[in-house]
Amino acid sequence: MAEPDAHLLIVDDDERIRGLLQKFLVRNGFLVSAARDAAHARRILSGLDFDLIVLDVMMPGEDGISLTRGIRERSSTPILLLTARAETEDRIAGLEAGADDYLAKPFEPKELLLRINAILRRMPEQTVSGSAPKYLNLGPIRYDTERAELWRGEDLVRLTSTEIQLMKIFSAKPGLALSRTQLVEELGRDRGQSQERAVDVQITRLRRKLEDNPKQPRYLQTVRGAGYMLAPD
């Protein structure tokens, strides 16, 4: 089942694939717009907001990774990359650019549907447990646990959907080390070494937003042999 009224943007230079994906997702309850390349996508995005973007990596002209970086400069809309490349380095490049997940071609349409719904579920609207404090202070950063918002002074820090979910997971258990396996499971991902490496990439990106010196983290710490831990003031 699709998330109610979720509006997706499909970006793929292959007209046949673009059309098939659009029809399949419409049949499964989504509102769907489509773009033929990065330039077309930028024009659409300048006038419309979307709940999720499904973006092909290998396109003529500007590729999907470059477009992801551009989108991330002004938006936290979730991005699912479609890639024919199987190499770990290429997947990591997409995640480092700000993508929330990736799916290697060829894929079953049902798997795409499952990935889309999983990403949309990472944008939770429910509040955290009443036992959690409303705010966590991380030096100059303030995290609102009820609204899942990160603030630096009066400025809202943009987070991707995966970063939002990671902050919710960590803020529910401050001071407790969580293993990569636990994080993969709580993010709703399939188990596997590649997903654990993907978590490492997301942690690195999140540290850039939390820490004054991401290479020597004070608040999102690595606990040797145990995992990662949020250590608020």
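The model shown is predicted, which means the values in this text are computed figures rather than measured ones. (Residues numbered from 1 in each chain as written. Predicted model: local features only at pLDDT ≥ 70, side-chain atom pairs only at ≥ 80, totals over all residues. Heavy atoms only, no water.)

## Some words on helix α1 (residues 15-27)
Thought 1: Helix length check: α1 (13 residues) gives 18 Å between terminal C-alpha atoms against 18 Å at 1.5 Å per residue, within 8%.
Thought 2: Within α1, the full set of buried residues consists of Arg-18, Leu-21, Phe-24 and Leu-25. Looking straight down α1, one finds its buried side chains confined to an arc of 140 degrees; they lie on one side. What points out from α1, more than 90 degrees from its buried face, is the exposed set Glu-15, Arg-16, Lys-23 and Arg-27. (Helix = DSSP H or I, 4+ residues; strand = E, 2+ residues; numbered from the N terminus. Expected span 1.5 Å × (residues − 1). Buried < 20%, exposed > 50% of the residue type's maximum accessible area, 1.4 Å probe, protein only. Arc of directions from axis to C-beta.)

## Regarding the pairing of strand β8 (residues 149-152)
Thought 1: One ladder, built from four bridges, connects strand β7 (residues 141-144) with β8; its direction is antiparallel. Within the sheet, the bridge partner assigned to Asp-144 lies in β8 and is Glu-149.
Thought 2: In this structure, the hairpin formed by β7 and β8 is closed by a connection of four residues, where Ala-148 is found at a positive phi of approximately 55 degrees.
Thought 3: Note that β8 and strand β9 (residues 155-157) share three bridges and pair antiparallel. What sits directly across from Leu-150, in β9, is Val-157.
Thought 4: In this antiparallel pair of consecutive strands, β8 and β9, the connection spans two residues, and Gly-153 shows a positive phi of 65 degrees. (Pairing = 2+ DSSP bridges.)

## What about the environment of Leu-156?
Thought 1: Considering the arrangement of structural elements, one finds Leu-156 in strand β9.
Thought 2: Each C-alpha atom, one on Leu-156 and one on Lys-23, is 37 Å from the other, the two residues being 133 residues apart in sequence.
Thought 3: Residues contacting Leu-156, with those up to four places away along its chain left out, are Glu-149, Leu-150 and Trp-151. (Contact = heavy atoms within 4.5 Å.)

## Things to note about the sheet that holds strand β5 (residues 101-104)
Thought 1: The five strands are arranged β2-β1-β3-β4-β5 in an open sheet whose pairing can be described as parallel. Every interior strand has two partners, whereas the edge strands, β2 (31-35) and β5, have only one. The sheet shows a mean angle of 20 degrees between the axes of neighbouring strands, direction not considered.
Thought 2: Across four bridges, strand β1 (residues 7-11) lies against strand β3 (residues 52-56) in parallel orientation. For Leu-8, the partnering residue across the bridge sits in β3 and is Leu-52.
Thought 3: Along the sheet face, α1 touches β1, β2 and β4 (79-83) and points at about 170 degrees away from the line of β2.
Thought 4: Most of the contacts of helix α5 (residues 109-121) go to β5, to which it runs at about 180 degrees, and overall it touches β1, β3, β4 and β5. (Axes fitted to C-alpha atoms, helices over the stretch in contact; angles between N-to-C directions.)

## Looking at the pattern of salt bridges
Thought 1: Going through the model one piece at a time under the given rule, you end up with 13 salt bridges.
Thought 2: Between Arg-115 and Glu-111 there is a salt bridge whose closest N-O contact spans 3.3 Å. Taken together, the residues span about one helical turn, with Arg-115 and Glu-111 both in helix α5 at a distance of four residues.
Thought 3: With relative accessibility at 30%, the residue Glu-111 sits in the partly exposed group.
Thought 4: Where salt bridges share partners, they join Asp-12, Asp-56 and Lys-105 into one cluster. (Salt bridge = Lys/Arg side-chain N within 4 Å of Asp/Glu carboxyl O.)

## Quick look at the packing of helix α3 (residues 64-72) against helix α4 (residues 88-97)
Thought 1: Orientation of α3 relative to α4, taken along the N-to-C sense of each, is 20 degrees, at an axis distance of 8 Å. As the angle between them shows, α3 and α4 are arranged roughly parallel. Note on packing geometry: the crossing formed by α3 with α4 is right-handed. For the pair α3 and α4, contact is made by Ile-65, Thr-68, Arg-69 and Arg-72 and by Asp-90, Ala-93, Gly-94 and Ala-97, respectively.
Thought 2: Split by residue class, the contact of α3 with α4 holds three nonpolar, two polar and three charged. (Parallel < 35°, antiparallel > 145°, perpendicular 65-115°, else oblique. Left-handed = near helix turned anticlockwise from the far one by under 90°. Nonpolar A, V, L, I, M, F, W, Y, C, P; charged D, E, K, R; others polar.)

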